[in-house]
Amino acid sequence: MDNVVIMDHPLIQHKISMLRDKNTGTNEFRTLVEEIAMLMGFEALRDLPLEEVEIETPIETCKTPFIAGKKMAIVPILRAGLGMVGGILNLVPSAKVGHIGLYRDPETHEPHEYYCKLPEPIEQRTIVVVDPMLATGGSGSDAIRMIKDHGGKHIKFMCIIAAPEGLKKLHEDHPDIQIYVGHLDRELNENAYICPGLGDAGDRIFGTK
Ligand code: PRP
Ligand code: URA
């Protein structure tokens, strides 16, 4: 699939395996989500534009590359996406952070919107949308639509685990965005949970039930 990158780095795979373990507690889970987001971000941001800036080294003056513009926005889908923000901010501390609030109805599994605040000018920013789980794809697809409705153009979507159904939907609904997946899992179960997955990401990050 064009515009879809499935991660194969052993460090990412190892940390995702640790996340899946039901005996991994909240504190360790949170740390792992942040570390995986940083490792994935390293790959997803490899096309950030550079500009040559003149500086003085102790030896001589030279032109050397810096990230151009610093106009990046990280947009977590609440709640679970919040767990990934710190990892990307470690890489790009100057990034602004927007928020999109969506929850899945437990019966219909349809996403419901409850919050949207994006840093302006959103149309000039590289936007990295983060959510650990892409299950049916409903939340991810709606979040991208909301960002596009606000004028967002250069959009990347990053998730730690995806189901084939969700990846297909997101790619078909938004073929123009770049999608980064930590691991592509087998399938969804009858409750639209990812198998083998890791359970409810929001509950595991925040220690709720
Ligand atoms: C989870 C997850 C995604 C969504 C994925 O959030 O973090 O946002 O489900 O499912 P989908 O692809 O089928 O839409 P949830 O709705 O449980 O909210 P929470 O993060 O507040 O727990
Ligand atoms: N949301 C989660 O947190 N986990 C799943 O497996 C599916 C949706």
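Predicted model, so just to flag it, every value in this text is computed and none were measured. Every chain's residues receive numbers from 1 upward, in the order its sequence appears when written. Throughout, the order in which chains and ligands are written sets their labels, letters from A for the former and numbers from 1 for the latter. In keeping with the predicted nature of the model, local features appear solely for residues at pLDDT of at least 70, side-chain atom pairs appear and are counted solely at 80 or more, and the whole-chain, interface and lining totals rest on all residues. Working from all heavy atoms in the structure, the side-chain values ignore hydrogens and water.

Consider each residue's heavy atoms; a residue with any of them within 4 Å of a molecule or strand counts as near. Around ligand 2 sit Arg104, Met133, Ala135, Ala192, Tyr193, Ile194, Gly199, Asp200 and Ala201, and that is every residue in its neighbourhood. We define a polar contact as two N or O atoms separated by no more than 3.5 Å, with the added condition that, inside protein, one atom must be a possible hydrogen donor and the other a possible acceptor, whereas residues neighbouring each other in sequence contribute only through side-chain atom pairs. Between ligand 2 and the protein, one listed contact pairs an oxygen atom with a backbone N or O atom of Ala201 at 2.8 Å. All accessibility values rest on the Shrake-Rupley procedure with a 1.4 Å probe; residue burial counts only the protein chains present in the view. Relative to its unbound accessible surface of 240 Å², ligand 2 loses 88% to contact with the protein. Assessed atom by atom at 2 Å from the grid points, ligand 2 resides in the largest pocket. A cavity here means a set of 1 Å grid points, computed over protein atoms only, where a 1.4 Å probe fits but cannot escape. A pocket is an open set with protein on both sides within 12 Å along at least 5 of 7 lines, and lining residues have an atom within 4 Å of a point. Whether a molecule sits in a cavity or pocket is decided by its atoms, more than half of which must lie within 2 Å of the grid points.

Taken together, 15 residues surround ligand 1, and among them Arg104, Asp131, Ala135, Thr136 and Ser139 come closest. In the model, an oxygen atom of ligand 1 is placed 2.8 Å from a nitrogen or oxygen of the Gly137 main chain. Contact with the protein chains hides 91% of the accessible area of ligand 1, taken as 510 Å² for the molecule alone. The cavity where ligand 1 resides is the largest pocket.

Rolled over the atoms, a probe with the dimensions of a water molecule shows which regions are left empty. Grid points are joined across faces, edges and corners, and a volume is the space filled by probe spheres set on the points. Its boundaries defined by the atoms lining it, the largest pocket holds a volume of some 670 Å³. As for the largest pocket, its lining consists of 30 residues, and the residues nearest its centre are Tyr103, Arg104, Tyr193, Asp200 and Gly202. Taken together, the elements giving at least two residues each to the lining of the largest pocket come down to β4 (72-78), β6 (99-104), β9 (133-134), α4 (138-149) and α6 (201-206). Each residue is assigned to one of three groups, with Ala, Val, Leu, Ile, Met, Phe, Trp, Tyr, Cys and Pro labelled nonpolar, Asp, Glu, Lys and Arg labelled charged, and all others, Gly among them, labelled polar. When grouped by side-chain class, the residues that make up the lining of the largest pocket number 14 nonpolar, ten polar and six charged. The volume enclosed by the second largest pocket comes to roughly 160 Å³. Of all elements in the fold, only β1 (4-6) and α2 (26-44) reach the threshold of two or more residues within the lining of the second largest pocket. In this text, helices come from DSSP runs of H or I with a minimum length of four residues, and strands from runs of E with a minimum of two, each type numbered from the N-terminal end. Per-element tally for the lining of the second largest pocket: the top contributor is α2, with three residues.

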